[in-house]
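Listed below, chain by chain, are the residues.
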Amino acid sequence: MTVDTGLLGNEAQTEAQAEMSRREFLNYAWLASLGVLTAETAVVFYQFSMPRLGPGEFGGPVDIGLFDILPGIGAAPEPFNKAKFWWVVDDEGGAIAIFKICTHLGCIYSWKPDQAKFICPCHGSQFEREGKFIQGPAPRSLDRMIIRAYDPGDVLVAETNEAGDPLQVPPGSRLVVETGLRVIGEKRTD
Ligand code: FES
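Let me sum up the structure you'll find in this document. Quantities reported herein were computed from a predicted structural model and do not represent experimental measurements.

**Comments concerning the overall build of the chain**
Item 1. On a plain count of helices and strands, the chain comes out with one helix and twelve strands.
Item 2. Counting only residues that meet the buried cut, the chain has 33% of its 190 residues in that class.
Item 3. For the chain, the share of sequence-separated contacts (at least 6 apart) that also reach a separation of at least 24 residues comes to 50%.
Item 4. Summing over all exposed atoms, the chain offers an accessible surface of approximately 12,000 Å²; the carbon and sulfur share of this is 60%.

**Considering the state of the cysteines**
Item 1. In total, this model carries one disulfide according to the counting rule given.
Item 2. Here Cys107 connects covalently by a disulfide to Cys122, the sulfurs 1.9 Å from one another. Its S-S torsion of about -95° marks the bond between Cys107 and Cys122 as left-handed, since a negative value means left-handed. A residue pair is termed long-range when its members are at least 10 positions apart, and Cys107 in the loop between β4 (94-99) and β5 (110-112) and Cys122 in the loop between β6 (117-119) and β7 (126-127) qualify at 15 residues.

Scoring rules and cut-offs
Residues numbered from 1 in each chain as written. Predicted model: local features only at pLDDT ≥ 70, side-chain atom pairs only at ≥ 80, totals over all residues. Heavy atoms only, no water. Helix = DSSP H or I, 4+ residues; strand = E, 2+ residues; numbered from the N terminus. Buried < 20%, exposed > 50% of the residue type's maximum accessible area, 1.4 Å probe, protein only. Contact = heavy atoms within 4.5 Å. Areas by Shrake-Rupley, 256 points an atom, 1.4 Å probe, with all protein chains shown as cover. Disulfide = S-S within 2.5 Å.

The following block contains the structure:
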């Protein structure tokens, strides 16, 4: 009787240990799955939050070249198609990069030398050489991009301010236009 009870006790203990092992295994498996899921979510989130545009692509910083590519002071605007903007240098020598998309419904406007203004072919909005709204359905002046100027040692020496004012570029600078950073044009006042 005593012996039998001992054997049953051992069997019960072995079963309890096996049950415990099963539970532990399931717990570890569950924790491992959770860990894998968390890691995958983190990777997806990281990839999603990273900028998808590299240097040189529209939407990111575009290296334009040296200062001497700018149009002359007060000259007609020059298109820089790769980065979708117009170069303008105002009468005081300040450089402006004007986004090529109309602020009305997004058409591509063009420079009309005979009228010395930008005109949009879609609904006729007109803008001055520096992008200021003149007339038409556009709700505001043209948007500008941020220009950055670097010296030969690659040190930033000038940058378009938050208001988008024309930038005095030190001669000899290398220019970069931040095509994804735009200063929204001033709202029309009428
Ligand atoms: S899209 Fe330019 S005026 Fe309408």
